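Reading the structure
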Amino acid sequence: MDEPRKGPLAGIRVLELAGLAPGPFAGMMLADHGADVLRVDRVAAVTDEPRRDVMDRGKHTIGLDLKSPDGVAAFRRLAARADVVIEVFRPGVAERLGIGPGDLLAVNERLVYGRMTGWGQDGPLAHAAGHDIDYIAVAGVLSMLGRAGDRPTPPINILGDFAGGGLMLAYGVVLALFERERTGRGQVIDAAMVDGAALLFAMFYGGVAGGFWGPRGTNLLDTGAPMYDTYETADGGHLAVGALEPRFWEEMVARMGLDGLPDRDDRANWPLIRERLAEAFRTRTRAEWEAVFDGSDACVAPVLEPGEAAGHPHNQARGTFVDVGGVPQPAPAPRLLGSGRSDLAPATRLRDLTGWGLPDEETTMLREAGVLA
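The notes below deal with the structure included here. Just so you know, these numbers come straight off a predicted model, no measurement behind them. (Residues numbered from 1 in each chain as written. Predicted model: local features only at pLDDT ≥ 70, side-chain atom pairs only at ≥ 80, totals over all residues. Heavy atoms only, no water.)

A few points about the overall build of the protein chain
What counts, and what does not: A helix here means a DSSP run of H or I that spans at least four residues, while a strand means a run of E at least two residues long, and both kinds are numbered starting from the N terminus. In this analysis, two residues are considered to be in contact whenever any of their non-hydrogen atoms come within 4.5 Å of each other. To measure how exposed things are, a 1.4 Å probe is used in the Shrake-Rupley method; for residues, cover is taken only from the protein chains shown. The charge count includes Lys and Arg as positive and Asp and Glu as negative, but it does not include His or the ends of the chains. Every charge is mapped to an atom, namely NZ of Lys, CZ of Arg, CG of Asp or CD of Glu.
Scanning the protein chain from terminus to terminus reveals 14 helices and 12 strands. Each principal axis of the C-alpha atoms in the protein chain carries an extent, and together these give about 80 × 45 × 40 Å. Of all intrachain contacts in the protein chain linking residues separated by at least 6 positions in sequence, the fraction that spans at least 24 positions is 65%. On the protein chain, roughly 18700 Å² of surface is accessible, and the fraction owed to carbon and sulfur atoms is 55%. Each charge class in the protein chain was averaged separately, 38 positive and 52 negative side chains, and the resulting centres sit 3 Å apart.

Take a look at the structure:
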């Protein structure tokens, strides 16, 4: 028997329709904070082996044939006991399957139906294929990323898929659950990655409109300024420099032993300052520079590889990373200091669905028919 869930979302039941990374990420965010998340996958995809994907931690999983009338009926029964459904299909697919918002809210008016797509549920591109790079391009975000004079640089699929998609969907779910406490009714969430990516850049849109944010790679925070950039060290490592404020800059320069740098407030001096810094940083290894800046407010940090991050003293002290089934991974965030931490074990198949409204005799029949796994 599973241990009771802990966290602020304990008692919340989530049906997560299996999909690509942003959907599982939203489900992980909810499971990390106590929600009981049941991942619904294809029948052939489910085995008794635990799912060790980081984004499936703390969940259970089943396989269900949603192209079968019996599978659809079973899903509706599950939805009648759920608080949340996470759906990541293209617009109209869930409706054609018979598990769209109208179908499920008819059996559970308190249900929060979270839909996540790249383009949203409406608009000229709603039914078009796309990926993270396309969504952030149309959002106006990609044009701002990269170095001056070079092509826009996609920051892996973090801004559209995860921050603009999965995280926004999880946030929307919590908002809808909160509102349900007042209204007694669930609702539909339309989480579009193009919307979420645009929202994340609200400050920069304001900067463009206000005239204080210029072309890509020429600004204070986008590698335009020498005091906010990365530099190579003697051993091929890198340092992240964020010495924006004068006192931090002065401390960094003093610890580096640099004299005679031109005025950094004059943008015309930025290329020369960058050249001097790059030359200086290449004289020592990354570890040697870490020792130079240890205990300082110079705002200089080592650029760690993923395999190094868990071993950093600060991350170790805070428990920023955990080991789950031999897989190092980030711990749940943010931390609610008055709540317990949920079980982060790899996802396992859930065989007893009586708590979800499916009695044993029915699940046995569904399994024998190949509809349930």
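Observations regarding the environment of Arg 247
Put simply, the rule reads: Only protein chains enter the accessibility calculation, which uses a 1.4 Å probe; a residue is then buried when its area is under 20% of its type maximum, exposed when over 50%, and partly exposed in between.
Topologically, Arg 247 is positioned in helix H9 (residues 246-256). Looking at Arg 247, the relative accessible area reads 56%, which means it is exposed. Considering only alpha carbons, one finds Arg 247 and Ser 342, 95 residues apart in sequence, at a separation of 42 Å.

A few points about helix H2 (residues 69-81)
Structurally, the α-helix is built with 3.6 residues per turn, so residues lying three or four positions apart point the same way. Quick note on the threshold: To estimate the expected span of a helix, subtract one from its residue number and multiply by 1.5 Å. Here the arc refers to the directions that run from the helix axis out to each C-beta atom.
Across its 13 residues, H2 extends 19 Å between first and last C-alpha, which sits within 8% of the 18 Å expected from 1.5 Å per residue. Residues Gly 71, Val 72, Ala 74, Phe 75, Leu 78 and Ala 79 constitute the buried set of H2. One side of H2 holds all its buried residues, which, seen down the axis, span an arc of 160°.

In short, geometric facts, not functional conclusions.
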